[in-house]
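# Structural characterization, general
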Amino acid sequence: MSDPRATHPLDVDLVAFVDGVLDAAAVEDVEAHLGRCLICRLKRQRIAQAPPIGVADRHGGEAPAFDPIEVEEADPSAVGTGELWLTAADDAAMVLVTEVWPEGRGVVVVPVVLDVEVADDGTLVLDGTASPLAVPMAIYDGMLTRLPMATLRGRIVPARPGVDLLRLSEDHPGVSRGSPLEGPADPRHEVRQAIDEHLVGAEPSSTTPQHVFDERFEELRRAFYGRDDAAVRPLHLPPGVPDTWEGIAQIESFNQRVLLLLIEGGLPEDPGQVSALCEQLDGSAVAVRADPRSPQVDVYLRANLAGARSVQTGAVLSGPILTGPDADTIVRYLDAMVSIPSVTALTGRRAPVDPKEILGRQVEAALAAQVATGRNARIPAKREGLTSVEGLGPDLTEALRTVFSKMVTPSAIIDLADGDEG
């Protein structure tokens, strides 16, 4: 090798290795490195499969046959779900469109690569018999990314029409999952990061609120990446809501669903329409952004929007329960509110589950989060209101038990704790 101290072999050494002209002393070093480095194995694979430059083959070998992938020029506004597209960049990326937002507001895509050797267990791997391109491909079906329409450049024409990529799973013939990631040092983490950065970098340069809105969706998705208990999805607002409202995302975790909205100026004086939207979309809480260029949100409980009253004073509860940057604040809300499923280890009812204990932990966690937020509040009235519930855990738990006894059985609470539906 040209430099034995180098972390990776030089490209010229890999070319010489593939061509069989690397000196014997260096071959052993390259082979040892390839055995532990996925990135260099990919380089070697690309070099070995690349057609020769020019018309002469100086080593006397035959150039392999390459079936080109056909790309047709198409207006991005005509994009459809389940289609493969290239992004508009010098180094274009291939994506699978999983969702098209109405009114040209963008698409939701997942990355697709032909380097199936980098596939991990978060990737669907299609062999040549299952692939619509008739060549192996890997789909990162969990890496949802929202892109503006203008990011798409050309539609890929399938060599094998009729393959519904959105319905494929590892149970289908010719489809499998990649191997699990082997700890934080696995080089496939770097591959994922590079793909993610490449897609984000493909977005057209813009300073419009819409572009900021897209970036906030991406940051939310990344904030929850790796949390198996939570999912971030686009939020489509139904007809009838004000045109000035924007649905950014919905974050789901166990029995909680947070609706993230952009309402310039913040929650309206009459929150009835927000409450109705929350009920219609089965949201447990609403996170409202008042400024399209700021990540700050106020989180309101669905019950408070509907005019819930304080158990202690009887006053209407109308203020936010949490305030702060959207991703961090929503994470704090979910961590407090989904504490009930922490007893899922008791599957099979191997140990008794006390509904009062479950409910008590839920109440204490929610009150603790509210008090902690209140102590950091800068507005005195807000700070006083949020911290006033400190110490009310036992009384509130007992009051809720009395209310729930009329509508929820203890077995229903236990089922919720075990993640059952019903």
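Right, let's walk through the structure included here.

Calculation notes
- Residues numbered from 1 in each chain as written.
- Predicted model: local features only at pLDDT ≥ 70, side-chain atom pairs only at ≥ 80, totals over all residues.
- Heavy atoms only, no water.
- Helix = DSSP H or I, 4+ residues; strand = E, 2+ residues; numbered from the N terminus.
- Buried < 20%, exposed > 50% of the residue type's maximum accessible area, 1.4 Å probe, protein only.
- Contact = heavy atoms within 4.5 Å.
- Areas by Shrake-Rupley, 256 points an atom, 1.4 Å probe, with all protein chains shown as cover.
- Pairing = 2+ DSSP bridges.
- Axes fitted to C-alpha atoms, helices over the stretch in contact; angles between N-to-C directions.
- Core = buried A, V, L, I, M, F, W, Y, C linked by side-chain atoms within 4.5 Å.
- Expected span 1.5 Å × (residues − 1).
- Arc of directions from axis to C-beta.
- Patch = residues over 30% accessible without salt bridge, like charges linked within 9 Å, V, L, I, M, F, W, Y side chains within 5 Å.
- Salt bridge = Lys/Arg side-chain N within 4 Å of Asp/Glu carboxyl O.
- Polar contact = N/O pair within 3.5 Å; in protein donor to acceptor, adjacent residues only side chain to side chain.

### Remarks on the overall build of the protein chain
- The helix and strand tally for the protein chain stands at twelve helices and 15 strands.
- Burial statistics for the protein chain: of 422 residues in total, 40% are counted as buried.
- By sequence separation, contacts in the protein chain at least 24 residues apart represent 62% of the contacts at least 6 residues apart.
- Accessible area of the protein chain: about 22500 Å², with a carbon and sulfur share of 53%.

### Structural notes on the sheet that holds strand β15 (residues 322–325)
- Reading across the sheet, the six strands line up as β10-β11-β12-β13-β14-β15 and stay open at both edges, with mixed pairing between neighbours. A strand with exactly one partner marks an edge of an open sheet, and here the two such strands are β10 (231–233) and β15. The sheet shows a mean angle of 20° between the axes of neighbouring strands, direction not considered.
- Bridge count between strand β13 (residues 285–289) and strand β14 (residues 296–301): four bridges; the pairing is antiparallel. Counterpart to Ala-287 in the pairing with β14 is Val-299.
- Lying on the sheet, helix α8 (residues 326–337) is in contact with β11 (246–253), β12 (256–262), β13, β14 and β15; it crosses β15 at an angle near 140°.

### Here we look at unusual backbone geometry
- A positive phi is found at Ala-134, a non-glycine position, where the angle reads about 65°.
- Checked against the element boundaries, Ala-134 lands in the loop between β5 (124–126) and β6 (137–139).
- Unlike most non-glycine residues, Asp-282 shows phi in positive territory, near 55°.
- Tracing the chain through its elements places Asp-282 in the loop between α6 (272–280) and β13.

### Quick notes on the pairing of strand β8 (residues 152–156)
- Counting buried positions along β8 gives four out of five residues, so the element sits mostly inside the fold.
- Looking at chain direction, strand β1 (residues 71–73) and β8 are connected through three bridges and run antiparallel. Across the sheet, residue Val-71 finds its bridge partner in β8, namely Ile-156.
- The pairing of strand β2 (residues 84–87) with β8 spans three bridges and is classified as antiparallel. Among the inter-strand pairings, Leu-86 is bridged to a residue of β8, identified as Gly-154.

### A few points about the nonpolar core
- If you look at the biggest cluster of nonpolar residues, it comprises 23 residues, and the most contacted ones within it are Leu-220, Phe-224, Ile-251, Val-299, Ile-330 and Tyr-333.
- Counting residues per element, the ones that place at least two in this core are α5 (209–223), β11, β12, β13, β14 and α8.
- Residue contributions to this core peak at six residues, all from α8.
- The contact partners of Ile-330, leaving out residues within four places of it in the chain, are Leu-220, Phe-224, Ile-251, Val-258 and Ala-287.

### Considerations on α8
- Helix length check: α8, at twelve residues, gives a terminal C-alpha distance of 16 Å against a target of 16 Å (1.5 Å per residue), a fit within 8%.
- Judged by how many residues are buried, α8 sits mostly within the fold: nine of twelve residues are covered.
- When α8 is considered as a whole, its buried residues turn out to be Asp-326, Ala-327, Thr-329, Ile-330, Val-331, Tyr-333, Leu-334, Ala-336 and Met-337.

### Comments concerning helix α2 (residues 24–36)
- Of all the residues in α2, the buried ones are Ala-26, Val-30, His-33 and Leu-34. Within α2, the buried residues cover an arc of 100° as seen down the axis, which keeps them to one side. Residues of α2 that are exposed and angled more than 90 degrees away from the buried face: Ala-24, Ala-25, Glu-28, Gly-35 and Arg-36.

### Considerations on a nonpolar patch on the surface
- A cluster of nonpolar side chains, Ile-69, Val-71, Leu-114 and Val-135, forms an exposed patch at the surface whose accessible area comes to about 260 Å².
- Here Val-71 lies in strand β1.
- Taking the relative accessible area as the measure of exposure, Val-71 reaches 40% and is therefore partly exposed.

### Focus on the side chain of Thr-87
- Along the chain, Thr-87 falls in strand β2.
- On the basis of relative accessible area, Thr-87 is assigned to the buried category, the value being 0%.
- Among the polar contacts made by the side chain of Thr-87, one reaches the main-chain amide nitrogen of Ala-93 at a distance of 2.9 Å.

### Quick word on the pairing of β2
- Burial along β2 is two-sided: Leu-84 and Leu-86 and Trp-85 and Thr-87, pointing in opposite directions, are all buried.
- Pairing geometry for β2 and strand β3 (residues 94–100), over three bridges, is antiparallel. Bridge assignment links Leu-84 to a residue of β3, and that residue is Leu-96.

### Comments concerning the pattern of salt bridges
- A complete count under the given rule lists nine salt bridges for this structure.
- The partner of Glu-252 in a salt bridge is Arg-257, and the shortest N-O contact between them spans 3.2 Å.
- Residue classification places Arg-257 among the partly exposed residues on the basis of a relative accessible area of 22%.
- Among the charged side chains, a salt-bridge network with shared partners connects Glu-72, Glu-83 and Arg-155.

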